[in-house]
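Listed below are the residues making up each chain.
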Amino acid sequence: MEQKRLGDIATYINGYAFKPEDRGSTGLPIIRIQDLTGNAYDLGFYDGKYPEKIEINDGDVLISWSASLGVYIWNRGKGLLNQHIFKVVFDKCEVNKQYFVFAVKYKLKEMELKTHGATMKHIVKKDFDNTVIPFPTVEKQADIAYILSKIESIVEFRQQELQQLDDLIKARFVEMFGDIKTNEYGWEKCTFKDVSTKITDGEHGTVPRVDEGEGYLYFMARNITKEGEIDLSETSFVPREIHEKIYKRCNPEKDDLLLVCVGATIGKCTLVSEIMGEFSMARSVALIKPNKEMVTSNFLINLLRSEAIQNDIDHCSHAAAQAGLYTNMINSLEAFVPPMDLQIEFDTFCEQVNKSKVAVQKALDETQLLFDSLMQEYFG
């Protein structure tokens, strides 16, 4: 099959280096990398003259080549492109746009191996242009793009189903227990310290690491996803003597709560799971042991995930002299204690919803596996 360099397929127009003082509240939105990835919600606007080539419109293909490599099809109206992002102009040969996007997406890992820079990694234009993708006939490209688009839409649908099931649990929580701030049902008000038998964080400072098999799992903030799931794809391990010291102090048990205290996912939480085995903890994670005579683990973690508590966490962590969530802050978070029979009823509801989530997740994993295998077949 014919192969083509990216540089022979299209022209790549870099965005403009807007200055902080260029960002205002009127005009066209300035699109940065974080606006593409969804990591920012503070759009700046520019109301002045600009080079026509940096204007973007729905349907334009954008490629971020610095800090976070990615390829996107823009669909949020007219805007202006910031630096470190290419706008793709298909002016060199006939190519299926969607096929091109899938091909570049597959090649991102290869590009990451060629990045330069200590503080902000980026791929230089020469290496980008020299990246090669399979280039069948346009008809074949259209067929491949159609198949991958259909499977990708199923993946997105399954992800939406999971989100809707999570939203259902949140809605049921509010329906049964009300808003923590207004306490409309008049539950007994207290703090997280009152409904916990222990709140502690992990080890402070640097600890020695060893290879897997020679030590114990060292659980860190990065091991809790933004969805509140456990992610052990990147793990560290500590020697037995360090582990025993931390483990004795924290003594994590199944259904204890783990809360991120430092980093980008601060406030995200999960439950200790059997899949973790015996583990140690870093300072970036706090352990909360529910007082099971007062609250169930499931009730407490959903209380912790509520919008009101998350807002309190955000306020506390930013108000601290050194950004982060500390045990004294967690102790003082507001809580309330509904009757245990209501909590158990809520647990039963969550158990049924979680069964549905398991089935949807299984279908999602199978579809994702099919998508990944086809990407490898077409572009590997």
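The following paragraphs examine the structure supplied in this document. Everything numeric in this text was worked out from a predicted model, so none of it was measured.

Each helix and strand counted, the chain has nine helices and 19 strands in total. Each principal axis of the C-alpha atoms in the chain carries an extent, and together these give about 70 × 50 × 40 Å. Expressed as a percentage of its 380 residues, the buried residues of the chain come to 45%. Sequence-distant contacts in the chain: of pairs separated by 6 or more residues, those separated by 24 or more amount to 73%. Separation of charge centres in the chain, based on 44 positive and 58 negative side chains, amounts to 5 Å.

It is worth spelling out the nonpolar core at this point. The biggest cluster of nonpolar side chains holds 40 residues, and the ones touching the most others in it are Phe192, Ile288, Leu303, Leu304 and Ile330. Once residues within four sequence positions are removed from consideration, Phe192 is found in contact with Ile199, Ile288, Leu300, Leu303, Leu304, Ile309, Ile330, Asn331, Leu333, Glu334 and Ala335.

Following the sequence through the fold, Ala359 ends up in helix α9 (residues 340-379). When the C-alpha atoms of Ala359 and Ala282 are compared, they prove to be 33 Å apart, with 77 residues separating the residues in sequence.

Moving on, we get to the pattern of salt bridges. Inspection of the entire model under this criterion finds 21 salt bridges. The partner of Lys105 in a salt bridge is Glu152, with the nearest N and O atoms 3.3 Å apart. Here Lys105 is found in helix α2 (residues 97-112), whereas its partner Glu152 is found in helix α4 (residues 138-177), with 47 residues between them in sequence. The exposure class assigned to Lys105 is partly exposed, which follows from its relative accessible area of 32%. For Glu345, the salt bridge identified is with Arg172, shortest N-O distance 3.3 Å. Within this pair, whereas Glu345 is found in helix α9, its partner Arg172 is found in helix α4, the two being separated by 173 residues in sequence. Its relative accessible area of 40% is what places Glu345 among the partly exposed residues.

Strand order across the open sheet formed by four strands is β2-β9-β6-β7, with antiparallel pairing between neighbours. Pairing within the sheet leaves two strands with one partner each, and these edge strands are β2 (11-14) and β7 (70-73). Across the sheet, the mean angle separating the axes of adjacent strands is 30° when strand polarity is ignored. Here α2 sits on the sheet in contact with β2, β6 (61-64), β7 and β9 (85-89), set at roughly 160° to β7.

With 16 residues, α2 extends 22 Å between its outermost C-alpha atoms, agreeing within 8% with the 22 Å of an ideal straight helix rising 1.5 Å per residue. Maximum bend of α2: about 35°, positioned at Tyr106. Along α2, the positions that sit buried rather than exposed are Tyr99, Phe100, Val101, Phe102, Ala103, Val104, Lys107, Leu108 and Met111. You can read the cap of α2 off the contacts: a side-chain oxygen lies 3.1 Å from the backbone nitrogen of Gln98, and it is on Asn96.

Let us now look at the layout of surface pockets. Roughly 1800 Å³ of volume is contained in the largest pocket. Forming the walls of the largest pocket are 46 residues, and the residues nearest its centre are Asp166, Glu227, Glu229, Arg305 and Lys357. Of all the secondary-structure elements, those providing two or more residues to the lining of the largest pocket are α4, β16 (269-271), α6 (297-304), α7 (307-319) and α9. Of all the elements, α4 adds the most residues to the lining of the largest pocket, at eight residues. Here the residues of the lining of the largest pocket sort into 16 nonpolar, 15 polar and 15 charged. At the level of secondary structure, the elements contributing two or more residues to the lining of the second largest pocket comprise β7, α2, α4 and α9. Residue composition of the lining of the second largest pocket, by class: seven nonpolar, four polar and three charged.

Now for the sheet that holds strand β8 (residues 79-81). Each strand in a sheet pairs with its neighbour through backbone hydrogen bonds, running either in the same direction (parallel) or in the opposite one (antiparallel). An order of β4-β3-β8-β5 is seen for the four strands of this open sheet, with the pairing classed as mixed. For this open sheet the edge positions go to β4 (44-46) and β5 (55-56), each flanked by a neighbour on one side alone. Relative to β8, β5 runs antiparallel, the two sharing two bridges. Across the sheet, Glu55 pairs through a bridge with Leu80, a residue of β8.

Viewed as axis vectors pointing N to C, α4 and α9 meet at an angle of 165°, and their least axial separation amounts to 9 Å. By the angle between their axes, α4 is roughly antiparallel relative to α9. Helix-helix and strand crossings are classified by hand; for α4 and α9 the assignment is left-handed. When grouped by side-chain class, the residues that make up the contact of α4 with α9 number 27 nonpolar, seven polar and seven charged.

Our next topic: the pairing of strand β3 (residues 28-31). Bridge count for β3 against β4 is three bridges, and the pairing is antiparallel. Looking at the pairing, Leu28 lines up with Tyr46 of β4.

With that settled, consider unusual backbone geometry. A positive phi angle, near 45°, is found at Asn183, a position not held by glycine. You can see Asn183 is positioned in the loop between α4 and β11 (188-191). Phi at Asn251 is positive, roughly 50°, even though this residue is not glycine. Within the element layout of this structure, Asn251 appears in the loop between α5 (240-250) and β15 (257-260). What makes Asn251 partly exposed here is its relative accessible area of 30%.

What counts and how
Residues numbered from 1 in each chain as written. Predicted model: local features only at pLDDT ≥ 70, side-chain atom pairs only at ≥ 80, totals over all residues. Heavy atoms only, no water. Helix = DSSP H or I, 4+ residues; strand = E, 2+ residues; numbered from the N terminus. Buried < 20%, exposed > 50% of the residue type's maximum accessible area, 1.4 Å probe, protein only. Contact = heavy atoms within 4.5 Å. Lys, Arg positive; Asp, Glu negative; His and termini not counted. Charge placed at Lys NZ, Arg CZ, Asp CG, Glu CD. Core = buried A, V, L, I, M, F, W, Y, C linked by side-chain atoms within 4.5 Å. Salt bridge = Lys/Arg side-chain N within 4 Å of Asp/Glu carboxyl O. Pairing = 2+ DSSP bridges. Axes fitted to C-alpha atoms, helices over the stretch in contact; angles between N-to-C directions. Expected span 1.5 Å × (residues − 1). Bend = angle between axes of the 7 residues up to and from the residue. Polar contact = N/O pair within 3.5 Å; in protein donor to acceptor, adjacent residues only side chain to side chain. 1 Å grid on protein atoms, 1.4 Å probe; cavity = no way out; pocket = protein on both sides within 12 Å on 5 of 7 lines; lining within 4 Å. Points joined across faces, edges and corners; volume = space filled by probe spheres on them. Nonpolar A, V, L, I, M, F, W, Y, C, P; charged D, E, K, R; others polar. Parallel < 35°, antiparallel > 145°, perpendicular 65-115°, else oblique. Left-handed = near helix turned anticlockwise from the far one by under 90°.

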